[in-house]
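Listed here are the chains, written in short residue letters.
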Amino acid sequence: MVDAPPAPQPSAKGAAPDAPPSAQDDHLALLRRIQYLLGGLLVLFVLWSISLAKVVILPIVLGVLIALTLSPLVRWLAKRGVPRGIAAVLLIALIGFTSAFGLYMLSGPASRLVETLPQVQAEAETKLASVKDKLRQVREAEEQVQEMTEPDPSPADGPEDVTRVLVDEPGMIETALASLAGTGTALVIALILSMFLLASGDMFQTKLVRAFPKLRDKKRALKISHDIERQISRYLGAITVINAGLGLAVGLTLHGLGMPYAYVWGVAAFLLNYLPYLGAMIGVVAVAAVSVVTYDTLGAMLVPPALYLVLTSIEGQMITPVLVGRHLSLNAAAVFVAVIFWAWLWGAAGALMAVPFLVFVKVVCDNVPGLGFIGLFLGGDDRATSRRRS
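Residues numbered from 1 in each chain as written. Predicted model: local features only at pLDDT ≥ 70, side-chain atom pairs only at ≥ 80, totals over all residues. Heavy atoms only, no water.

S.K.: Explain the overall build of the protein chain here, please?
M.R.: Secondary structure summary: the protein chain contains 16 helices and zero strands in total. Split into buried and exposed, the 390 residues of the protein chain put 25% on the buried side. (Helix = DSSP H or I, 4+ residues; strand = E, 2+ residues; numbered from the N terminus. Buried < 20%, exposed > 50% of the residue type's maximum accessible area, 1.4 Å probe, protein only.)

Now the structure itself:
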């Protein structure tokens, strides 16, 4: 019997040091770094392309969202004998005529409000004259301190030639009108696109399923498409009903307080509440600005914005979590970051689409095994969701 060779004994100085990494490992590490760098550059390029192609992508995304919201209603009408094409045309026409009628009804008060802007500005300056005086005194004191700390210019330097360039920028009203015109054009294109998507029925879902060769992938793609449609349609439908109730409450409350154009504020609250977090802030600031020039005492000035804040807080902290949180649970921090990011990328339209886009990402991540951790992070508190469902 042949004896096995004895095992190597460690030296007295301890175990031998690890061998240095091979050249192949160095190359793999370098390739991995290059891969991460190229991935980051690809993300930046995609974001830059999305920002640059806003005029083209915005109507498409908006049209898809409208189609996803109305698809359950079109499917319900189709089950009752109404052809999909006719149902799609009727719904889109109803939305178009309702929007046009609403804009026509608001055009008169809006134009009168624009005409009174100089008077409102003069009244605001008169009431805030004491505040302006204090700010002017602070500014003058700051300039004096700055002059005391700056060294005197040397006479050898000679006089300095200062060239001032005046840039003729468009005013706030012109910018707002141009933005409204662009948004109106995008909305018309989106409505037409959504009409074609609704009339096509499940054609795109069928093509998506056929694009995958394996049955497991077909089932996963079908489940993802159904979940996206169900989640986004429920969210947008519920938010629309909630916003209508909030707009009615704001309009009636401000009308009872004697605020001018109370129903305009109700419509503004309805539209602004589609922007999570930002819409309530903008509404409170706008109501506070008009309240300053409407009332004479400080207490009366604070009541309208305070009530607006109370109503939006009740809606955001109690009503929306109860009605929407039963079917959709999102992380509040993730929603806030998404709203800020898309507002920076696409402005108000981007902030409007932030939550539906986040729902889309969460549904995809929940159904793809390798991306489950992202869906888990985007989700809300599971314990709170289970308590609401129970």
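S.K.: Is there a simple way to think about the nonpolar core in this case?
M.R.: Counting 42 residues, the largest nonpolar core has Ile-66, Leu-198, Ile-232 and Leu-358 as its most contacted members. Within the residue set of this core, elements represented by two or more residues are helix H2 (54-79), helix H3 (84-115), helix H6 (172-200), helix H8 (215-256), helix H12 (332-346) and helix H14 (354-367). It is H2 that contributes the most residues to this core, eight residues altogether. Apart from the residues lying within four places of it in its own chain, the contact partners of Ile-232 are Leu-65, Leu-68, Pro-356 and Val-359. Counting 13 residues, the second largest nonpolar core, distinct from the first, contains Leu-246, Val-250, Ala-262 and Met-301. (Core = buried A, V, L, I, M, F, W, Y, C linked by side-chain atoms within 4.5 Å. Contact = heavy atoms within 4.5 Å.)

S.K.: Explain the side chain of Asn-243 to me, please; I cannot follow it from the model alone.
M.R.: Position of Asn-243 among the secondary structure elements: in helix H8. Setting aside chain neighbours within four positions, we find Asn-243 in contact with Phe-270, Asn-273 and Tyr-274.

S.K.: I'm lost on the packing of H8 against helix H11 (residues 298-324) in this one. Help?
M.R.: For any two helices packed against each other, one specifies the inter-axial angle together with the distance between the axes. It is the contact of H8 with H11, at a shortest axis distance of 10 Å, that shows an interaxial angle of 155°. The orientation of H8 with respect to H11, classified from their angle, is roughly antiparallel. Of the two elements, H8 crosses H11, and the hand of that crossing is right-handed. Facing H8, whose interface residues are Tyr-235, Ala-238, Ile-239, Ile-242, Leu-246, Ala-249, Val-250, Thr-253 and Leu-254, H11 presents Pro-304, Leu-307, Tyr-308, Leu-311, Thr-312, Glu-315, Ile-319, Thr-320, Leu-323 and Val-324. Residue composition of the contact of H8 with H11, by class: 15 nonpolar, three polar and one charged. (Axes fitted to C-alpha atoms, helices over the stretch in contact; angles between N-to-C directions. Parallel < 35°, antiparallel > 145°, perpendicular 65-115°, else oblique. Left-handed = near helix turned anticlockwise from the far one by under 90°. Nonpolar A, V, L, I, M, F, W, Y, C, P; charged D, E, K, R; others polar.)

S.K.: Teacher, can you tell me more about the layout of surface pockets here?
M.R.: Gaps left between atoms show up when a probe the size of a water molecule is rolled over them. By volume, the second largest pocket amounts to about 1000 Å³. Lining the second largest pocket are 35 residues, and of these Val-64, Leu-68, Ser-225, Ile-228 and Phe-360 lie nearest its centre. Contributing elements (two or more residues each) for the lining of the second largest pocket: H2, H6, helix H7 (203-210), H8, H12 and H14. Looking at the lining of the second largest pocket element by element, the count peaks at 10 residues for H2. Along the lines of polarity and charge, the residues of the lining of the second largest pocket split into 24 nonpolar, five polar and six charged. (1 Å grid on protein atoms, 1.4 Å probe; cavity = no way out; pocket = protein on both sides within 12 Å on 5 of 7 lines; lining within 4 Å. Points joined across faces, edges and corners; volume = space filled by probe spheres on them.)

S.K.: I'm lost on helix H10 (residues 278-294) in this one. Help?
M.R.: In an α-helix, one turn spans 3.6 residues; hence positions three or four apart end up facing the same way. Relative to the 24 Å expected for 17 residues at 1.5 Å per residue, H10 spans 24 Å between its end C-alpha atoms, a close match to the ideal helical length. All buried positions along H10 are accounted for by Gly-279, Gly-283, Val-284, Val-287, Val-290, Ser-291 and Val-293. (Expected span 1.5 Å × (residues − 1).)

S.K.: Would you mind going over the environment of Ile-340 with me for this structure?
M.R.: Position of Ile-340 relative to the elements: it lies in helix H12. As for Ile-340 and Tyr-277, which are separated by 63 residues in sequence, their C-alpha atoms are 9.7 Å apart.

S.K.: How should I be thinking about the pattern of salt bridges in this particular structure?
M.R.: Pairing between side chains of opposite charge can happen when their charged atoms approach one another. Summed over the entire model, instances satisfying the criterion amount to four salt bridges. For Asp-227, the salt bridge is made with Arg-230, and the minimal N-O distance between the two is 2.6 Å. Here the residue Asp-227 and the residue Arg-230 both occupy positions in helix H8, the gap between them amounting to three residues, near one helical turn. A single salt-bridge network, built from bridges that share partners, covers Lys-223, Asp-227 and Arg-230. (Salt bridge = Lys/Arg side-chain N within 4 Å of Asp/Glu carboxyl O.)

S.K.: Help me understand the environment of Leu-73, please; the structure alone is not making it clear to me.
M.R.: Within the secondary structure, Leu-73 is located in helix H2. Using a relative accessible area of 36% as the deciding quantity, one classes Leu-73 as partly exposed. The spacing of Leu-73 and Ser-233 is 160 residues in sequence and 9.7 Å in space, taken between C-alpha atoms.

S.K.: Would you take a moment to explain a nonpolar patch on the surface for this structure?
M.R.: Taken together, the side chains of Leu-28, Leu-30, Leu-31, Ile-34, Leu-37, Leu-38, Leu-41 and Leu-44 present a nonpolar region at the surface, about 770 Å² in accessible area. Among the structural elements, Leu-38 can be located in helix H1 (residues 23-52). (Patch = residues over 30% accessible without salt bridge, like charges linked within 9 Å, V, L, I, M, F, W, Y side chains within 5 Å. Areas by Shrake-Rupley, 256 points an atom, 1.4 Å probe, with all protein chains shown as cover.)

S.K.: Before we go on, may I ask you to explain the packing of aromatic side chains in this structure?
M.R.: Two measures describe an aromatic ring pair: the distance that separates the ring centres and the angle between the ring planes. Within the structure shown, the criterion is met by eight aromatic pairs. Judged by centre distance (6.0 Å) and plane angle (35°), the ring pair of Phe-45 and Trp-48 falls under tilted. Here Trp-48 and Phe-45 lie together in helix H1, a separation of three residues that amounts to about one turn. When the ring of Tyr-277 is compared with that of Phe-336, the centres are 5.6 Å apart and the planes differ by 75°; the resulting orientation is edge-to-face. Placement of Tyr-277 in the loop between helix H9 (262-272) and H10 and of Phe-336 in helix H12 is noted, with a sequence separation of 59 residues between them. Taking relative accessible area as the criterion, Tyr-277 reaches 37% and is therefore assigned partly exposed. The class of Phe-336 is partly exposed, set by a relative accessible area of 37%. Put simply, the rings of Phe-341, Trp-342, Trp-344, Trp-346, Phe-357 and Phe-360 pair up and form one aromatic cluster. (Phe/Tyr/Trp six-rings, centres within 6.5 Å; stacked < 30°, edge-to-face > 60°.)

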